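Coordinates in review
Listed below are the residues making up each chain.
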Amino acid sequence: GTVPSSNGVVEMTLRLTAYMRVNNFETVTLFLPGFQGASNGQVFTTSLPIWCGADSDVFGCGYKVSTASWNSVTHELALTVKNRAVIEANEEITITVSSLAGIRLPVEGIASNSLAPTIRCNALAGGVGQTQITAIQHVSLFAEVARSLHCDLEGECAFPWSTSTSD
């Protein structure tokens, strides 16, 4: 793939492990300050692992998270769990947001240790307020270097999430 650059349209990948069950129609919301692009209520996403069962879709398998919405005013990307799907407690899930959504990186890029992007969830089994994302791929006008910001869940992260993103 191509290396992302500041102010460019980007495909985003979010990897997370929710420590609570996230049911159908519940949302995981990313706050992405500085990101741009027109608001879009029908953002196409894919997710792994694939969900298989009688209710998943016509072919018996589908994505647990297949739609999202982007709000350019609040800088929030809301990822919605599909009808009848469930993200189980302690299940790792990878969600990819297509570059066709038109979401653009901040003009000034993203620092690898940025504390600005956050994640939250409205799960009935235990909602989580704004929580810092623990690993972000560095993107700037001058260099693109993959780095991670580590988080000690016992001492420094008070919320029940293990998260990372890349674009």
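Residues numbered from 1 in each chain as written. Predicted model: local features only at pLDDT ≥ 70, side-chain atom pairs only at ≥ 80, totals over all residues. Heavy atoms only, no water.

**Side note on the overall build of the chain**
Summing up its helical and strand segments, the chain has zero helices and eleven strands in all. For the chain, the sequential pattern of α-helices and β-strands runs β-β-β-β-β-β-β-β-β-β-β. Per-residue burial over the chain gives 43% buried out of 167 residues. When contacts within the chain are restricted to residue pairs at least 6 apart in sequence, those whose partners lie at least 24 apart make up 75%. (Helix = DSSP H or I, 4+ residues; strand = E, 2+ residues; numbered from the N terminus. Buried < 20%, exposed > 50% of the residue type's maximum accessible area, 1.4 Å probe, protein only. Contact = heavy atoms within 4.5 Å.)

**Considering the environment of Val22**
With respect to the helices, strands and loops of the structure, Val22 is situated in the loop between β1 (12–18) and β2 (27–31). A relative accessible area of 1% places Val22 in the buried class. Separated by 67 residues in sequence, Val22 and Ala89 place their C-alpha atoms 7.5 Å apart. With residues up to four places along the chain from it excluded, the contact list for Val22 reads Val81, Val86, Ile87, Cys121 and Ala123.

**A closer look at the confidence of the model for the chain**
The predicted model of the chain has a mean per-residue pLDDT of 76, with 68% of residues at 70 or higher. Mean pLDDT per element in the chain: strand β11 (residues 161–166) is the minimum at 46, and strand β7 (residues 76–81) is the maximum at 94. (pLDDT = per-residue confidence, 0-100.)

**Some remarks on the state of the cysteines**
Counted under the stated rule, the structure contains one disulfide. Across the disulfide, Cys52 is cross-linked to Cys61 (sulfur-sulfur distance 2.0 Å). Its S-S torsion of approximately 105° makes the covalent link between Cys52 and Cys61 right-handed. Residue Cys61 is classed as partly exposed on the basis of its relative accessible area of 32%. (Disulfide = S-S within 2.5 Å.)

**Some details on unusual backbone geometry**
Looking along the chain, the bond that leaves Leu48 and enters Pro49 is cis, with omega of 5°. For Pro49, the position within the fold is in the loop between β3 (40–48) and β4 (51–52). In this model, Phe25 sits at a positive phi of 70°, which is unusual for a non-glycine residue. Structurally, Phe25 is set in the loop between β1 and β2. Taking the relative accessible area as the measure of exposure, Phe25 reaches 53% and is therefore exposed. Unlike most non-glycine residues, Asn90 shows phi in positive territory, near 70°.

**Some details on the pattern of salt bridges**
Under the definition given, this model contains three salt bridges. Note that Glu91 and Lys64 form a salt bridge whose closest N and O atoms lie 2.7 Å from each other. Remark: Lys64 occurs in the loop between β5 (61–62) and β6 (65–71) and Glu91 occurs in the loop between β7 and β8 (92–97); sequence separation between them is 27 residues. The pair Glu91 / Lys64 is uniform in exposure class, with both members buried. (Salt bridge = Lys/Arg side-chain N within 4 Å of Asp/Glu carboxyl O.)

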